[in-house]
Amino acid sequence: MGRISNWQLIKRETQPSLTVRSTVLLKDLQNEMDEARNKVFAYLKLIDEYPAGAFYAVYYSFSKKEVDLEAGFPVYRKMDGEEEIQPAEKSAGLFLSCYHQGPYRKIPSVYKEMDQWLEEHSFETSGISEENYLNENVDENFFLTQILIPVQEKNKDVKV
């Protein structure tokens, strides 16, 4: 199905989270995501806390071979981690956002559409993309993902 919403500019504040950071082979990405989700969720249950939102991942680098990512849950307050589960923060700022329905492997097409939107509206990226995974245990055609990328207006005074 692909993108199922209009582009939205949203502003948000920082939000504490608990995450697992790892670099994995692209072929192992889904297993790593599942492990991170399970580890952080189990830790929250152990300390009698709950997620403050959907499981998410921040992608520091993404190549055809490997991915450097941080994955976890936002929480209601800053918390200590344990071993590989570490405190982190969802970034504050202005984000371009949309929703995607369907298999995760089809999400890259949405990033191409985002690039076009940014160019047409005189914005540019200013950081690392984030994906919020809004459901699980459903057929992959019904996966719902919110995609966010930090943006800023292009400097119109700079000559190229």
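Above this note sits the structure.
A short tour of the structure in this document, coming up.

Parameters and conventions
- For every chain, the first residue of its written sequence is number 1, and the numbers climb from 1 along that sequence.
- Only residues with pLDDT of at least 70 get local features here, since the model is predicted, and only at 80 or more are side-chain atom pairs given and counted; chain-wide, interface and lining totals rely on the full set of residues.
- In computing side-chain values, all of the structure's heavy atoms are included and hydrogens and water are not.
- Paired rings are identified among Phe, Tyr and Trp, the last through its six-membered ring, by centres lying within 6.5 Å, and are further divided according to the angle between planes into stacked (under 30 degrees), edge-to-face (over 60) and tilted (the rest).
- Throughout, exposure labels follow a simple rule: accessible area from a 1.4 Å probe, protein chains only, divided by the maximum for the residue type, with under 20% read as buried, over 50% as exposed, and the rest as partly exposed.
- Note on criteria: charge over ring means Lys NZ or Arg CZ within 6 Å of the ring centre, with the direction from the centre no more than 35 degrees off the ring normal.
- Counting from the N terminus, the helices are DSSP H or I runs at least four residues long and the strands are E runs at least two residues long.
- Any pair of residues with heavy atoms lying within 4.5 Å of one another is described as a contacting pair.
- In this description, a nonpolar core means a group of buried Ala, Val, Leu, Ile, Met, Phe, Trp, Tyr and Cys residues linked to one another through side-chain atoms lying within 4.5 Å.
- Strands are labelled as partners when DSSP assigns at least two bridges between them.
- To estimate how far a helix should reach, multiply one less than its number of residues by 1.5 Å.
- Working note: the arc is built from the helix axis to C-beta atom directions.
- Between Lys or Arg on one side and Asp or Glu on the other, a salt bridge is scored when a side-chain nitrogen of the former is within 4 Å of a carboxyl oxygen of the latter.

### Section: the packing of aromatic side chains
One pass over the full model with this rule turns up seven aromatic pairs. Residues Y59 and F62 carry aromatic rings whose centres are separated by 5.4 Å and whose planes lie at 65° to one another, so their mutual orientation is edge-to-face. The exposure class of Y59 is buried, given its relative accessible area of 9%. Linked through ring pairs, F41, F55, F73, Y104, Y133 and F143 together constitute an aromatic cluster. Here the basic side chain of R21 rests over the ring of Y60, its NZ or CZ set 3.7 Å away from the ring centre.

### Section: the side chain of T145
Within the secondary structure, T145 sits in strand β10 (residues 144-153). Setting aside anything within four residues of it in sequence, one finds T145 in contact with C98, Y99, H100, Y104, I107, E131, N132 and Y133.

### Considering the nonpolar core
Formed by 20 residues in total, the largest nonpolar core has its most connected members in L18, M33 and L69. Sorting the residues of this core by element identifies β3 (15-25), α1 (29-46), β4 (55-62) and β5 (66-74) as the ones contributing at least two each. With six residues, the single largest contributor to this core is α1. Formed by 13 residues, the second largest nonpolar core is a distinct cluster that contains W7, V110, W117 and I147.

### As for the pairing of β5
Among the nine residues of β5, eight are classified as buried, and the element is accordingly described as predominantly covered. Bridging between β3 and β5 involves nine bridges; their strand directions are antiparallel. From the neighbouring strand, V20 faces β5, where its bridge partner is A71. Both β4 and β5 contribute to a ladder of six bridges, which runs antiparallel. By the bridge assignment, Y56 is partnered in β5 with G72. Between β4 and the antiparallel strand that follows it, β5, lie three residues.

### A look at helix α2 (residues 108-120)
In this model, α2 (13 residues) spans 19 Å end to end at C-alpha, consistent with the 18 Å of a helix rising 1.5 Å per residue. Of the positions making up α2, those classed as buried are V110, Y111, M114, W117 and L118. Along the axis of α2, the buried residues cluster in a sector spanning 115°; they form a single face. Away from its buried face, by an angle of more than 90 degrees, α2 presents the exposed residues K112, Q116, E119 and E120. Looking at the buried side of α2, the elements it contacts are β1 (2-3), β2 (8-12), β7 (93-101), β8 (123-125), β9 (130-133) and β10. Of the residues trailing α2, S122 is marked for its positive phi of about 60°.

### Regarding the environment of F73
Relative to the assigned elements, F73 resides in strand β5. Among the residues examined, F73 registers a relative accessible area of 8% and is labelled buried. Expressed as a C-alpha distance, the spacing of F73 and G53, which sit 20 residues apart in the sequence, is 6.6 Å. Setting aside its immediate chain neighbours within four residues, F73 contacts S17, L18, R37, V40, F41, L44, P51, G53, A54, F55 and Y56.

### Some remarks on the pattern of salt bridges
Throughout the structure, instances matching the rule amount to 12 salt bridges. Across the pair E35 and K39 runs a salt bridge, and its minimum N-O distance is 3.8 Å. In this pair, E35 and K39 are both assigned in helix α1, four residues apart and thus about one turn of the helix distant. Residue classification places E35 among the partly exposed positions, given a relative accessible area of 42%. Taking relative accessible area as the criterion, K39 reaches 31% and is therefore assigned partly exposed.

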